[in-house]
Amino acid sequence: MILSHQSLQAHTGSSKGNSAIFHGQGAGNEDHKNDLLSYFRQVNNGLESFFKNQQAPLILAGVDYLLPIYHEANTYSHLLPDGITGNPETLTLEELHTQAWQIAQPYFDLTKVSTISHYEELQGSEKTANTIEKVVTAAYFQRVETLFVPIDKTVWGIFDPVRNSIQIHAQQETGDEDLLDLAALHTLTNGGTVYAVEQGDVPEHKAIAAIVRY
């Protein structure tokens, strides 16, 4: 999330006369800090609704003194402690993405290892699925909590949700779609988490694997 000077000025009532407050020692102005804190609480409430039932990491980008103020207002449990400091308005989207991924990657790696261990604990129970047919169906009907799909692999076929049937084809045929992408799309849409991993990191070394809600 970007904490930009322009948007903060607009929402906290800052004018040109006190725009310097966004630089360095401006955070020492207690009244303005309270204005920012109040605004950040409103932003936080909106994000809580937006991220409802999700576990996506949140990374802040903004002038360094603004970040701890937002942390004070924050109630979203997956806000990462590190952020992108400096004026984000000077960065391109690609630069923001690169810096954000440097912060997020260790989080994803740690979470991935922990989640794979959790899958192994549940392995063999009704809480896991490891076939294309079971996983795609579960994803479509909002049952997938966590999905593991291999990078650079495609499984062509047709899923019919009305008949709850799947056809898998060795080669792409007319009307086919990538069933791995289909499972990932529905998992994300329904608030689940998707890990795109190397084939060897998919639990049980299957083409796809999932932890299901029920």
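Here is what the cut-offs are and how they apply
- Chains are numbered independently. Their residues run from 1 in the order of the written sequence.
- For this predicted model, a pLDDT threshold of at least 70 governs which residues receive local features, and a threshold of 80 or more governs which side-chain atom pairs are given and counted, while totals over whole chains, interfaces and linings are taken from all residues.
- No hydrogens and no water enter the side-chain calculation; it runs on all heavy atoms of the structure.
- Residue types Ala, Val, Leu, Ile, Met, Phe, Trp, Tyr and Cys, when buried and joined through side-chain atoms within 4.5 Å, form a set referred to as a nonpolar core.
- Residue burial is assigned from relative accessible area. The probe radius is 1.4 Å, only protein chains are included, and a residue is buried under 20% of its type maximum, exposed over 50%, and partly exposed in between.
- By the criteria applied, helices consist of DSSP H or I runs no shorter than four residues and strands consist of E runs no shorter than two, each listed in order from the N terminus.
- The contact rule is simple, with two residues in contact once any of their heavy atoms fall within 4.5 Å.
- By definition, two strands form a pair when at least two bridges between them are found by DSSP.
- A side-chain nitrogen of Lys or Arg and a carboxyl oxygen of Asp or Glu constitute a salt bridge if their distance falls within 4 Å.
- Ring pairs are drawn from Phe, Tyr and Trp, using the six-membered ring of Trp, whenever the two centres fall within 6.5 Å, and their geometry is named by plane angle: stacked under 30 degrees, edge-to-face over 60, tilted for the rest.
- In this analysis the charged atom, NZ for Lys or CZ for Arg, is taken to sit over a ring once it is within 6 Å of the ring centre and within 35 degrees of the ring normal.
- Only C-alpha atoms enter the line fits that serve as axes; for helices the fit covers just the stretch in contact. Angles between N-to-C directions range over 0 to 180 degrees.

Novice: When you look at the nonpolar core in this model, what are you seeing that I'm missing?
Specialist: Side chains of nonpolar character tend, in soluble globular proteins, to be buried together. Ile-132, Val-135, Val-136, Leu-147, Leu-179, Ala-183 and Ile-208 are the most contacted members of the largest nonpolar core, which totals 20 residues. For this core, the elements supplying multiple residues, two or more each, are α5 (132-140), β5 (144-150), α6 (179-189) and β10 (209-212). Setting aside chain neighbours within four positions, we find Leu-147 in contact with Val-135, Ala-183, Ala-184, Thr-187, Thr-193, Val-194, Tyr-195, Ile-208, Ala-209 and Ala-210. Leu-3, Tyr-39, Leu-60 and Tyr-76 belong to the second-largest nonpolar core, a separate cluster that totals 19 residues.

Novice: Help me understand the sheet that holds β10, please; the structure alone is not making it clear to me.
Specialist: Think of a sheet as strands paired side by side through backbone hydrogen bonds, with each pair either parallel or antiparallel. Reading across from one edge, β4-β10-β5-β9 is the order of the four strands in this open sheet, with mixed pairing throughout. For this open sheet the edge positions go to β4 (128-129) and β9 (193-197), each flanked by a neighbour on one side alone. As defined by bridge partners, β5 adjoins β9 across five bridges and the pair is classed as parallel. Within β9, the residue paired with Thr-146 across the bridge is Thr-193.

Novice: I'm lost on the pattern of salt bridges in this one. Help?
Specialist: Where side chains of opposite charge bring their charged atoms close, a pairing between them can arise. Considering all chains together, one arrives at two salt bridges under this definition. One salt bridge in this structure joins Lys-112 and Asp-201, with 3.9 Å as the shortest N-O distance. Of this pair, Lys-112 sits in helix α4 (residues 93-122) while Asp-201 sits in the loop between β9 and β10, placing them 89 residues apart in sequence. Among the salt bridges present, the one from Arg-163 reaches Asp-160, with a minimum N-O distance of 3.9 Å.

Novice: Looking at this structure, how should I read the packing of aromatic side chains?
Specialist: Describing an aromatic ring pair means giving the distance of the ring centres and the angle of the ring planes. Enumeration over the complete set of coordinates arrives at ten aromatic pairs. Aromatic pair Tyr-107 and Phe-108: ring centres 5.6 Å apart, planes at 80°, arrangement edge-to-face. Residue Tyr-107 is classed as partly exposed on the basis of its relative accessible area, which comes to 21%. Overall, Phe-108 belongs to the partly exposed group, its relative accessible area being 28%. Ring geometry for Tyr-140 and Phe-159: centres 5.3 Å apart, planes at 65°, overall edge-to-face. Highlighted residues: Tyr-140 in helix α5 and Phe-159 in strand β6 (residues 156-160), separated in sequence by 19 residues. Relative accessible area serves as the criterion here: at 32%, Tyr-140 is assigned to the partly exposed category. An aromatic cluster of three or more residues is present, and its members are Tyr-39, Phe-40 and Tyr-70. Its guanidinium or amino end placed over the ring of Tyr-214, Arg-143 lies 5.4 Å from that ring's centre, counting from NZ or CZ.

Novice: What's the story with the pairing of β5 in this structure? I'm lost.
Specialist: In regular strands, side chains alternate between the two faces of the sheet. For β5, a buried count of six out of seven residues is recorded, marking the element as mostly surrounded by other parts of the structure. Examined bridge by bridge, β5 and β10 share four bridges and lie antiparallel to one another. Residue Thr-146 lies in a different strand from β10, and its bridge partner there is Ile-211.

Novice: Can you help me understand the sheet that holds strand β8 (residues 177-178) in this one?
Specialist: Ordered by their spatial adjacency, three strands build an open sheet running β7-β6-β8, and the pairing between neighbours is antiparallel. Only two strands of the sheet have a single partner each, and these edge strands are β7 (165-169) and β8. Lying on the sheet, α5 is in contact with β6 and β7; it crosses β7 at an angle near 130°.

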